[in-house]
Amino acid sequence: MSHLFIRRVLLAAAVAASASLVAAPQQFSQQVRSAYVSVDAPLIALTNARVIDGTGGPVREGQTILIKDGLIAAVGPAGSITAPDGARVIDLTGKTVLPGLVMVHEHLYYPVGPGVYGQLGESFTRLYLAGGVTTMRTGGNVNGFMDLNMKLAIERGQKAGPAIDATAPYLNGPNTFIQMRTMKGADDARKQVAYWADEGFTSFKAYMQITRAELGAAIEEVHKRGLKITGHLCSVTYAEAADLGIDNLEHGFLAATDFVPNKAPDTCPGQGAGQQTIAALDENSEPFKTLVKKLIDRRVALTSTLTVFETFTPGRPLPPGLEVLLPDLRDQFQRTFERTKTNTTSNYLRLFPKALALERAFARAGGMLIAGTDPTGSGGVIPGFSNQRQIELLVEAGFTPAEAVQIGTLHGAKYLGRDARVGSIAVGKQADLIVVAGNPAASIADIRKVEIVFKQGVGFDPAKLIASVTGRVGLW
């Protein structure tokens, strides 16, 4: 048999195998299509593109990507692939194609007042998609059913937004959050997991005041159902959570209380106390290396959320995207930003650069680093805009642009168990793609220049998505 025939057979087999893993092409309502879609054809050829494929491998110049019925049908040098008759051809000379971002610490809520979070699922899902996020996990839920209902509406094509892995309401012990329940022991933890899993939620999150017994019971129930659980911890240390079998830990090492002297079991000493020890931690020290080894041995993924911590750090730039907020919310954050800028004694002056160094050390040791943004804190972390910023901050931490893209795409897809379908640019995968003007491999800031976001082969116009909510983010 000729090499060409074998190649065609293998290509057909790959497409067929992948098609069995991928849902039918996404169908969108006429309202969604007319409002936000700029490219809509059953066969599309993206020609002369630069490709950063999400695997961390070399950037490839002069590529053609064929999209057929929502899937990537072919990828290769432009000279080796001819656009079929009837294809919509888009010349991307000078432009770059990346996989759609797969981000795992996102929210559909935002701080709107002291200790109060407004539910902004409608505007946030549009912004996430506009920023290039095509798959996301809501890494925390203070509402109940919004995350699940938005996920289902997007799947039905009634709303524009990323595919959502919906996290159930927080699992926490006694706390002062008025939008968060207090669990009543290990049996209650099991009941909460069972209830929300039966409703359709596919991820869970433990929070700062949970006990080891409650966390262990929750992990057991989650895993019994084939699901995953993460945690923003304090009362339970990272090492304890790893031994209990947790899948993921949030905020890099900045939520770890493992190094707090004389920490009482099942008691949160305060996030500040933990962060004081992290700011002074040496990434080359044996205690840190021992913790890293445990996390890697137990296969615990670590989520980088550098964007939210950047807003706490004096001397950092004003975050992007503030113009989409309600004027009152924008002004509220800008006042906070001005106060932060003049705080010369802030622990974040030491803590933020340490966060970058520790995450890099964890990844270089072989740990699974994934990424998200966490639009909470004092505000300023704006969906879509912040996801692009997160990739920039990973480059600042010492990762190459290709590695940073891999963390924000394929790593997230692997954690979610969706890497057979999304997370990289490969034949047979969903055509979840970002087209950007410029070259993020040479200047990572170009990742902000998004022109088209393809979700299962349908191209969305980010400018239209952003315009639809600008000045009103904070209402819905």
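Residues numbered from 1 in each chain as written. Predicted model: local features only at pLDDT ≥ 70, side-chain atom pairs only at ≥ 80, totals over all residues. Heavy atoms only, no water.

Student: Tell me about the packing of aromatic side chains, and name the residues and values.
Tutor: Inspection of the entire model under this criterion finds 17 aromatic pairs. Geometrically, the ring pair formed by Tyr110 and Phe124 is edge-to-face, given 6.1 Å between the ring centres and 80° between the ring planes. Here Tyr110, found in strand S8 (residues 109-113), pairs with Phe124, found in helix H3 (residues 121-130); they are 14 residues apart in sequence, far enough to count as distant. Neither residue differs from the other here; Tyr110 and Phe124 are each classed as buried. Where Phe145 meets Trp196, the ring centres are 5.3 Å apart and the plane angle is 55°; that geometry is what we call tilted. One end of the pair, Phe145, is in the loop between strand S10 (133-138) and helix H4 (146-155); the other, Trp196, is in helix H5 (residues 186-199), with 51 residues separating them in the sequence. Three or more aromatic residues joined by ring pairs make a cluster, and in this case those are Phe145, Tyr195, Trp196 and Phe201. Against the face of Tyr415 rests Lys228, its NZ or CZ located 4.3 Å from the ring centre. (Phe/Tyr/Trp six-rings, centres within 6.5 Å; stacked < 30°, edge-to-face > 60°. Helix = DSSP H or I, 4+ residues; strand = E, 2+ residues; numbered from the N terminus. Buried < 20%, exposed > 50% of the residue type's maximum accessible area, 1.4 Å probe, protein only. Lys NZ or Arg CZ within 6 Å of the ring centre and 35° of its normal.)

Student: Lay out the nonpolar core with the relevant residues and their values.
Tutor: Counting residues in each nonpolar core, the largest one holds 104 residues, and the members touching the most others are Phe204, Leu215, Phe253 and Phe460. Top element by residues in this core is helix H12 (residues 348-364). It accounts for eight residues. Those residues in contact with Phe460 that lie beyond four places of it in its chain are Phe28, Val32, Tyr36, Val37, Ser38, Leu129, Ala160, Glu451, Ile452, Val453, Lys455 and Leu465. Counting 18 residues, the second largest nonpolar core, distinct from the first, contains Leu46, Ala49, Leu92 and Ile452. (Core = buried A, V, L, I, M, F, W, Y, C linked by side-chain atoms within 4.5 Å. Contact = heavy atoms within 4.5 Å.)

Student: Which residues make up the state of the cysteines, and what values do they have?
Tutor: Within the structure shown, the criterion is met by one disulfide. Put simply, Cys234 and Cys268 are joined by a disulfide, and their sulfur atoms are 2.0 Å apart. Disulfide Cys234-Cys268: the torsion about the S-S bond is 75°, which places it as right-handed. Highlighted residues: Cys234 in the loop between strand S13 (228-231) and helix H7 (238-244) and Cys268 in the loop between strand S14 (248-249) and helix H8 (271-279), separated in sequence by 34 residues. Residue class for Cys234 comes out buried when judged on its relative accessible area of 0%. Cys268 sits in the partly exposed class, given a relative accessible area of 22%. (Disulfide = S-S within 2.5 Å.)

Student: How would you sum up the side chain of Glu106? Please name residues and give values.
Tutor: Residue position: Glu106 is located in strand S7 (residues 101-106). At 8.4 Å, Arg137 is the nearest oppositely charged side chain to Glu106, a buried residue that forms no salt bridge. Only 3.1 Å separates the side chain of Glu106 from the side chain of Tyr128, close enough to count as a polar contact. (Lys, Arg positive; Asp, Glu negative; His and termini not counted. Salt bridge = Lys/Arg side-chain N within 4 Å of Asp/Glu carboxyl O. Polar contact = N/O pair within 3.5 Å; in protein donor to acceptor, adjacent residues only side chain to side chain.)

Student: How would you sum up helix H13 (residues 385-396)? Please name residues and give values.
Tutor: Taking 1.5 Å per residue, 12 residues should reach 16 Å; H13 reaches 17 Å between its end C-alpha atoms and fits that length. The buried count for H13 comes to 10 of 12 residues, which makes it a mostly enclosed element. If you check which residues of H13 are buried, you get Phe385, Ser386, Asn387, Gln388, Arg389, Gln390, Ile391, Glu392, Leu393 and Leu394. Where H13 terminates, the next one or two residues include Gly398, which has phi positive at roughly 120°. (Expected span 1.5 Å × (residues − 1).)

Student: Break down the pairing of strand S18 (residues 450-455) for me, citing the residues and quoting the values.
Tutor: Burial runs high along S18: five of the six residues are buried. As defined by bridge partners, strand S17 (residues 433-437) adjoins S18 across four bridges and the pair is classed as antiparallel. Each bridged residue has a counterpart across the sheet, and for Ile434 the counterpart in S18 is Val453. In this sheet, strand S19 (residues 458-460) lies alongside S18 in antiparallel orientation, the contact comprising three bridges. Across the sheet, the residue bridging to Phe454 is Gly459, located in S19. Where S18 folds back onto S19 in an antiparallel hairpin, the turn is made up of two residues, including Gln456, whose phi is positive at roughly 50°. (Pairing = 2+ DSSP bridges.)

Student: Residue-level account of the packing of helix H9 (residues 286-297) against H12, with values.
Tutor: Viewed as axis vectors pointing N to C, H9 and H12 meet at an angle of 50°, and their least axial separation amounts to 10 Å. Comparing their axes, H12 and H9 come out oblique. Here the hand of the crossing between H9 and H12 comes out right-handed. From H9, Phe288, Val292, Leu295 and Ile296 reach across to H12, where they touch Leu358, Ala361 and Phe362. (Axes fitted to C-alpha atoms, helices over the stretch in contact; angles between N-to-C directions. Parallel < 35°, antiparallel > 145°, perpendicular 65-115°, else oblique. Left-handed = near helix turned anticlockwise from the far one by under 90°.)

Student: An account of the confidence of the model for the protein is requested, with residue identities and associated values reported.
Tutor: A residue-level look at the protein finds 95% of positions with pLDDT of 70 or above and a mean pLDDT of 94. Strand S16 (residues 369-371) holds the highest mean pLDDT among the elements of the protein, 99, whereas helix H1 (residues 3-21) holds the lowest, 39. Note on residues 1-22: pLDDT is under 50 here. Beyond four places in sequence and across chains, it has 16 contacts. (pLDDT = per-residue confidence, 0-100.)

Student: An account of the side chain of Thr96 is needed here, citing residue identities and associated values.
Tutor: On the secondary structure map, Thr96 appears in strand S6 (residues 95-99). Among the polar contacts made by the side chain of Thr96, one reaches the main-chain carbonyl oxygen of Gly438 at a distance of 2.5 Å. If we skip the residues at most four places from it in the chain, Thr96 touches Arg50, Ile52, Ile434, Val435, Val436, Gly438, Asn439 and Pro440.

Student: Mind laying out the sheet that holds strand S11 (residues 163-165), listing which residues take part and the relevant values?
Tutor: An order of S7-S10-S11 is seen for the three strands of this open sheet, with the pairing classed as parallel. Either end of the sheet is taken by a strand with one partner, and the two such strands are S7 and S11. Ignoring strand direction, the axes of neighbouring strands in this sheet form an average angle of 20°. Bridge analysis of S7 against S10 gives four bridges, and the strand direction is parallel. Bridge assignment links Glu106 to a residue of S10, and that residue is Thr138. Packed on one face of the sheet, H3 meets S7, S10 and S11 and runs near 135° to S10.

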